[in-house]
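Next come the chains, spelled out residue by residue.
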Amino acid sequence: MDNYRIPLGDWIESLIDVLSTALAPLTKALSHVMEAGIDAMNDALMAVPPWIMILVIALISWKLAGRKIALIALFGFALILNLGMWEPTVSTLTLALISTGVAMVIGIPLGILSAMYKGVSRVVMPILDLMQTMPAFVYLIPAIPFFGLGPVSAIFSTVIFAMPPAIRLTCLGIKQVPVSLTEAADAFGATRVQKLFKVELPLAAPTIMAGVNQTIMLALSMVVIAAMIGARGLGGEVWRAIQRLQPGLGFEAGLCVVIVAVVLDRITQKLGAKRV
Amino acid sequence: MELLKKGKTKDEILARTGRPVGVADVSFHVEEGEILVIMGLSGSGKSTLVRCVNRLIEPTAGSVVIDGVDVTALPKDKLLEFRRTKFGMVFQNFALFPHKTVADNAAFGLEIQGKDPGKRREKALRALEQVGLAGWEDKYPGELSGGMQQRVGLARALALDPDILLMDEAFSALDPLIRRDMQDELVTLQETMRKTIVFITHDLDEAIKLGDRIVLMKDGAVVQEGTAEDILTNPATRYVERFVEDVDLSKALTAASVMKKPGVTVHLPTDGPRTALRKMDERGISSIFALNKDHKLVGVITADDAAAALERGEKKLEGAVRTDFIAIGPDTPVQELMADMALTFCPAAVVNEDGRLKGVIVRGSLLAGLAEKGRAQNG
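Described below are features of the structure shown in this document.

**A few points about the nonpolar core**
Counting 79 residues, the largest nonpolar core has B:Val37, B:Ile38, B:Ile66, B:Leu166, B:Met167, B:Phe171 and B:Phe199 as its most contacted members. Top contributing element to this core by residue count: helix H8 (residues 146-158) of chain B, with six residues. Setting aside its immediate chain neighbours within four residues, B:Met167 contacts B:Val90, B:Leu154, B:Leu186, B:Ile197, B:Val198, B:Phe199 and B:Ile200. The next biggest cluster of nonpolar side chains, apart from the first, holds 65 residues, and it includes A:Ile108, A:Ile112, A:Ile216 and A:Ile259.

Structure (structure tokens):
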């Protein structure tokens with residue numbers, strides 16, 4: 001018993017080796033496309049003068065979440081600009097938003113499928129449990145052989161980390177639709193698809209939005225951690241502060257993350273509450 | 001089903017297979033244009049039965065035939081088509097969509113059929129008008145009272161102009177006064193619509209009032225089928241007999257059960273003769289109850305007396321108030337009222353112990369109530 005150790009790690013490594021070689025053309029192509037996308041979005045956001053960006057963000061907050069959040073956004077982002085953290089903040093925002101987008105595009109349909117078919121949920125739910133309990137850092141490592149060091153790997157691991165709430169809450173939202181309402185839809189001869197789009201999804205919308213909110217928050221936190229595998233942005237600043245033992249810089253970068261998180265959180269929360 | 005055929009009881013089957021028997025061996029037919037009431041206490045299988053008709057619950061055996069078409073044998077797409085065009089369903093808990101406006105709720109069936117929005121709205125508005133909800137189309141169901149919500153439910157079914165209305169305890173969740181209004185309204189609507197209606201209820205009074213024929217169920221089986229008259233006068237089994245008796249004893253007709261909402265009243269000392277006359281005129285009534293500022297009933301004013309007071313040039317109503325009307329408590333049995341009501345000039349007032357007006361009894365509603373009960377008592 002003592003001298004035999006199950007080579008679980010070796011198996012995983014050889015599996016990843018095989019996969020990364022086999023999938024290399026695909027991952028390389030994907031990596032190029034993604035990188036181009038990230039750069040394009042980043043450049044576009046950076047091309048706008050910071051002050052105009054700040055006003056636009058404040059305006060969006062005001063429209064969607066009210067005056068208080070608009071003021072927080074205005075002063076918060078102005079502080080970020082003043083601290084000279086504008087560029088890393090924009091790049092963090094880009095990564096977080098792209099990851100959230102990808103996570104939603106994959107997660108919401110998966111959530112719908114697992115609400116509709118028991119078989120799907122039986123496969124998906126245990127995987128979600130695994131994804132959510134596995135320490136976040138672990139996802140960083142296999143991303144590298146597939147996508148190399150850099151923002152694409154960061155997005156890959158962020159998507160995996162941030163997707164579970166989108167799946168879970170979509171599934172929950174649909175399952176929570178009262179049976180009497182789906183029965184009424186059935187009684188009037190609705191097809192499965194009509195029932196989904198006319199009754200279930202609109203009624204599940206607030207819950208799904210709560211999932212989106214969670215996904216954004218998780219994506220933001222993971223994008224910061226992903227600095228360790230070469231994501232730039234605020235996480236990069238924190239990482240540098242750790243290596244150089246500069247608590248001041250670390251705190252400043254951390255504060256910027258908090259400001260971005262608060263504004264995004266409030267906006268998406270209000271968006272969910274509005275749909276009721 | 002095998003077990004049922006072998007003559008096992010439902011309890012035995014539940015114990016052996018773990019599956020309860022909902023409805024078994026029920027056979028009935030519905031004529032075009034009639035209201036068939038399926039009645040039974042909760043757990044008797046009536047809601048399961050009505051869901052078998054449009055296969056919301058898939059029957060394990062047996063068949064449902066509508067206009068010569070075996071619904072139970074229809075493939076999926078034909079079944080959907082059938083549900084869309086043949087059936088309108090009204091549910092006990094309304095089952096309105098909270099995210100849609102009243103008009104969009106009423107138009108739901110048409111939306112499912114793929115009708116264009118303009119036509120949908122037009123038909124939905126017409127259906128809403130039929131059920132007395134014109135002007136409410138842009139509200140949300142949450143802003144409506146229970147009675148109004150169920151009117152929307154009814155409009156949603158009517159908007160499709162279906163051949164068959166399935167009404168599953170449609171009025172059971174409403175409070176008694178509203179329920180009576182809705183029953184009256186359904187009867188009125190049915191006079192012009194002539195739909196085939198399958199109406200589920202647990203309330204014998206409702207069954208008698210609405211049903212052209214009644215199917216009485218117990219434990220998933222039919223115990224008696226026939227007109228209200230049949231069931232009340234010739235109960236087929238001891239169970240029916242007890243059911244009918246129970247209903248009679250527990251629901252002995254009291255003033256509260258036949259009264260109507262008070263409607264308009266005049267308020268002393270603020271209202272004058274002119275106001276009183278106009279209020280009566282609006283409602284087409286010949287007398288009106290007068291309340292004091294504590295909302296207590298002080299008397300009744302007839303149109304003649306109010307007109308006389310106006311001619312005398314009086315600004316106040318006090319001179320026209322009469323107190324020789326009938327006032328009774330809500331628990332008074334109405335039999336005691338009969339003789340007096342025949343002679344009186346105005347409705348009887350139902351007054352609670354605080355002297356507040358709770359409702360009025362007009363001759364018409366009293367006789368209607370008694371006619372129902374009279375039949376019941378013969379049985």
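**Focus: the sheet that holds strand S7 (residues 213-218) of chain B**
Strand pairing within a sheet occurs via backbone hydrogen bonds; the two strands may be parallel or antiparallel. Residues and elements named next belong to chain B. Strand order in the open sheet made by the six strands is S4-S5-S6-S1-S7-S8, with mixed pairing throughout. Each edge of the sheet is formed by a strand with only one pairing partner; in this case those strands are strand S4 (87-90) and strand S8 (221-226). Neighbour-to-neighbour, the strand axes of the sheet open up by a mean angle of 15 degrees, direction not taken into account. Here strand S1 (residues 35-39) runs beside strand S6 (residues 196-201); their pairing, made up of five bridges, is parallel. Among the inter-strand pairings, Ile-35 is bridged to a residue of S6, identified as Ile-197.

**A word on helix H11 (residues 234-244) of chain A**
All names here are of chain A. Taken together, the buried positions of H11 are occupied by Leu-234, Gly-235, Glu-237 and Ala-241. With its buried residues spanning 160 degrees around the axis, H11 presents them on a single face. Where H11 ends, the next residue or the one after it, Leu-245, has phi of about 55 degrees, a positive value.

**Overview of the pattern of salt bridges**
Counting across every chain of the model gives 24 salt bridges over all chains. The salt bridge partner of A:Lys198 is B:Glu111, with a shortest N-O separation of 3.0 Å. Residue A:Lys198 is found in helix H10 (residues 192-225), and its partner B:Glu111 is found in helix H6 (residues 108-113); the two belong to separate chains. Given a relative accessible area of 14%, B:Glu111 falls into the buried group. Of the charged contacts, one joins B:Arg151 and B:Glu185 as a salt bridge, the two residues approaching to 2.6 Å between their closest N and O atoms. Of this pair, B:Arg151 sits in helix H8 while B:Glu185 sits in helix H9 (residues 176-193), placing them 34 residues apart in sequence. According to the relative accessible area criterion, B:Glu185 is partly exposed, its value standing at 24%. A single salt-bridge network, built from bridges that share partners, covers A:Glu183, B:Arg51 and B:Asp168.

What counts and how
Residues numbered from 1 in each chain as written. Chains lettered and ligands numbered in written order. Predicted model: local features only at pLDDT ≥ 70, side-chain atom pairs only at ≥ 80, totals over all residues. Heavy atoms only, no water. Core = buried A, V, L, I, M, F, W, Y, C linked by side-chain atoms within 4.5 Å. Buried < 20%, exposed > 50% of the residue type's maximum accessible area, 1.4 Å probe, protein only. Helix = DSSP H or I, 4+ residues; strand = E, 2+ residues; numbered from the N terminus. Contact = heavy atoms within 4.5 Å. Pairing = 2+ DSSP bridges. Axes fitted to C-alpha atoms, helices over the stretch in contact; angles between N-to-C directions. Arc of directions from axis to C-beta. Salt bridge = Lys/Arg side-chain N within 4 Å of Asp/Glu carboxyl O.

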